[in-house]
Amino acid sequence: MKPLVLLLKALLFWPIRLIARLLGALEWIGRAVLGAIALGVGFAAVVALLFAWHAAPPAAPTLPSRFVLALTLDAPLTETPPLSAPLPLWDEPQPIHLGALLTTLDHAAKDPRVAAVALDLRDFPGASYAQLAELRESLARLRQASKPLFAFADRYDQKSYFLASVADTVTLDPEGFVLLPGLALEPTYFKAALDRIGITVHAFRAGRYKSFVEPFTRTSMSESEKSAATDLMLGLWGQIRDAIAAARKRPATAIERYHTAFDEILAAHEGDAAAAAHAQGLVDALTPFGEWQTKLLESVALTDRDRDVLPWQRYHAALEAKHLLPNRTGEIRVITLEGVITETDDGNDATASSEQLVDELEAARDDDAVRAVVLRIHSPGGSAFAAEQIRRAAQAVRDAGKPVIASFAGVAASGGYWVASTADAIVARPETLTGSIGVFALIPNAAPLMEKLELTTDGVRTGPFAAPLDPRRPLPDAVRRALDASVGHTYRRFLAVVGEGRGIPQAELEPVAEGRVWLGAAAAKLGLVDRLGGLETAIALARERANAPDAVVRWPTPPLSPREVVRRLIFGSETFALAPPLASLTASLRPLAPLLRPLTAPGATLPPVWAHCLCAAP
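These remarks concern the structure in this document. Everything numeric in this text was worked out from a predicted model, so none of it was measured. (Residues numbered from 1 in each chain as written. Predicted model: local features only at pLDDT ≥ 70, side-chain atom pairs only at ≥ 80, totals over all residues. Heavy atoms only, no water.)

**Description of the overall build of the chain**
Summing up its helical and strand segments, the chain has 24 helices and 22 strands in all. Expressed as a percentage of the 618 residues in the chain, the buried residues total 46%. Put simply, of all contacts in the chain between residues at least 6 apart along the chain, 76% involve residues at least 24 apart. Summed over all atoms, the accessible surface of the chain reaches about 29,900 Å², with 58% contributed by carbon and sulfur. (Helix = DSSP H or I, 4+ residues; strand = E, 2+ residues; numbered from the N terminus. Buried < 20%, exposed > 50% of the residue type's maximum accessible area, 1.4 Å probe, protein only. Contact = heavy atoms within 4.5 Å. Areas by Shrake-Rupley, 256 points an atom, 1.4 Å probe, with all protein chains shown as cover.)

**Here we look at the pairing of strand β15 (residues 404–413)**
Burial analysis of β15 places ten of its ten residues in the buried class, which makes it a mostly covered element. Looking at chain direction, β15 and strand β16 (residues 425–428) are connected through three bridges and run parallel. Each residue of the ladder has a partner; that of Ile405, found in β16, is Ala425. Following the backbone out of β15, through helix α16 (residues 415–420) and into the adjacent parallel β16, one traces a crossover that is right-handed. (Pairing = 2+ DSSP bridges. Right-handed = clockwise from strand over helix to strand, strands pointing away.)

**Considerations on the pattern of salt bridges**
Scanning the entire structure with this criterion turns up 28 salt bridges. With its nearest N and O atoms 3.0 Å apart, the salt bridge here joins Arg333 to Asp367. With Arg333 in strand β10 (residues 331–338) and Asp367 in the loop between α14 (354–366) and β13 (370–379), this pair connects stretches of sequence that are 34 residues apart. The exposure class of Asp367 is partly exposed, given its relative accessible area of 26%. Each of Glu388, Arg391, Arg392 and Arg493 takes part in one network of salt bridges that share partners. (Salt bridge = Lys/Arg side-chain N within 4 Å of Asp/Glu carboxyl O.)

**Regarding a negative patch on the surface**
A cluster of acidic residues, Glu343, Asp345, Glu355, Asp359 and Glu362, forms a negative patch at the surface. Along the chain, Asp359 falls in helix α14. Residue classification places Asp359 among the partly exposed positions, given a relative accessible area of 48%. (Patch = residues over 30% accessible without salt bridge, like charges linked within 9 Å, V, L, I, M, F, W, Y side chains within 5 Å. Lys, Arg positive; Asp, Glu negative; His and termini not counted. Charge placed at Lys NZ, Arg CZ, Asp CG, Glu CD.)

**Side note on the packing of aromatic side chains**
According to the stated counting rule, one finds eleven aromatic pairs in the structure shown. Between Phe289 and Trp292, the ring centres sit 5.6 Å apart and the planes meet at 35 degrees, which makes this aromatic pair tilted. Of this pair, Phe289 and Trp292 both sit in helix α11 (residues 289–299), separated by three residues, roughly a single helical turn. Site record: aromatic cluster; members linked through ring pairs are Phe152, Phe289 and Trp292. (Phe/Tyr/Trp six-rings, centres within 6.5 Å; stacked < 30°, edge-to-face > 60°.)

**Focus on the sheet that holds strand β4 (residues 114–120)**
Pairing within the open sheet is parallel, and its six strands lie in the order β8-β6-β5-β4-β1-β9. Unpaired on one side and paired on the other, β8 (285–286) and β9 (309–311) mark the two borders of the sheet. The sheet contact formed by strand β5 (residues 149–153) and strand β6 (residues 169–172) spans four bridges and is parallel. Residue Ala151 lies in a different strand from β6, and its bridge partner there is Val170. Of the strands in this sheet, β1 (67–72), β4, β5, β6 and β9 touch α11, which is tilted by about 175 degrees from β5. (Axes fitted to C-alpha atoms, helices over the stretch in contact; angles between N-to-C directions.)

**A look at the nonpolar core**
Ranked by internal contacts, the top residues of the largest apolar core, which has 83 residues, are Leu73, Leu135, Leu139, Tyr156 and Val178. Once you skip the residues sitting within four places of it in the chain, Val178 turns out to touch Tyr156, Tyr161, Leu172, Tyr258, Phe262, Ala277, Leu282 and Val283. (Core = buried A, V, L, I, M, F, W, Y, C linked by side-chain atoms within 4.5 Å.)

**A closer look at the environment of Ile405**
Here Ile405 is to be found in strand β15. Since its relative accessible area comes to 0%, Ile405 is described here as buried. Between the C-alpha atom of Ile405 and that of Ala538, which follows or precedes it by 133 residues, the distance is 6.3 Å. When residues no more than four places from it in sequence are discounted, the contact partners of Ile405 are Val373, Val374, Leu375, Ala423, Asp424, Ala425, Val427, Ala538, Leu541, Ala542 and Arg545.

Below, the structure is given as structure tokens:
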């Protein structure tokens, strides 16, 4: 009887339990869905707040009646205006926009509230010498305006000292040093290693000095490249040495001896590098940072570090707040081309896409408020096709009656020069690396590796240009001939574009082309550059050509997708750094990334031709 009762209960209650469990599962699903909706709404709200926070005009900070302007350079200098500072999830300094910094310092030179400027270089990561020289001249103008300039670092490397040497007083920590090692250009050559593993790199180039291909086709530097590189390094070092000597009122021979006989100078001071730098007249005082700050404030009759020391970013924000009023005097728009030139935007901060640059130039062309454009270039070049698209867009701005002035930063070579050739005028720093009028194409081939591994392929093709870039097979002769013809045509086109834009006859242009890199000072003598100077010179020239002396200067923030804005606001710029030994080993490989990407694209036929210089600005 009992088993029968249990059976009846089970049959009776099983459906009820099943229904209860189903209802419980439905309740859980409902809660999960509602939770997901709530999470999505919450995330959307956060994103909206981020955009609102980023877009909202900043309130003008209240400034003291008298203060020391603190110039703490603890982040890389960039030519591209960054977004507003990211959320404080990581304590990482954000890139410093050089244009904003220069504008701020020029205002400070005329501001009676600025009692002095404190240049803190303890964590300075460096920049190109052309950028440093431009910043150095801006600091010199502060001194000329009777604003005392005080510099400090725990240790000075060559770049930080080059910048600091222009100060009224240069201070070094008693345990620090000053290094002036000079310059070196020593690429890593990969050919022997590639041969060992069975990879061949086919190089097609136009231009005897077009050395980008050499690390992959040679085991050492060619004589032509060594000659050109020697001229570049000695020329640039001479400019650095002479600028330091003039600022420190020391003979150039004394700086040269510190550069070449540092071991002897150090031995004479029993290994005390700080004492050696002081004895050689490179620094004025050996003082710890805290004591330096105290003495600096006392020298200008101020005492409170928190109240009387104003970060330059806060001062800049106060200046920017004044410029939020409607613009009735016209605008000089500064458009930045920074990084390797590519056809599309791949989200990499180290590239400049023609899509984005063309959009920005077209917007400037169509905006009635824009009176002229300054095209600020800091690029070794890239895709020749992409460079031509940008050049055409710049020409369209000129055709609309608006002057275009090209301003070169640390490097504006090859594709960067291609773009600039159409400008009304080109302004470069004496330290700028430019020229490199030449092109190339690189095709890696792994057929020898396939043979070593006893890997084979088989199949059918309708002709030699069916899958011509297949790295598993030797490069067909027909493809070689096509690439030779393509590279030759692109080079001739490059010469024609530069000759037409610069008004240089081909017979005069060809000897200074051939892919050779020139310093800005030499390029000016050769007719590749119109005027030596920095961004300030280019802006003044743009105002003059546009007959708009009161036009304000604007740097548009590049348009970004909502996802990219959120990423950058939270995480900052996308950067990655290797330890110095690894960085030097891979320096020759990093520029290859955008070059090789088109070869892996579906349906790739012939590779793009590159107007790219292996000349990262020193």
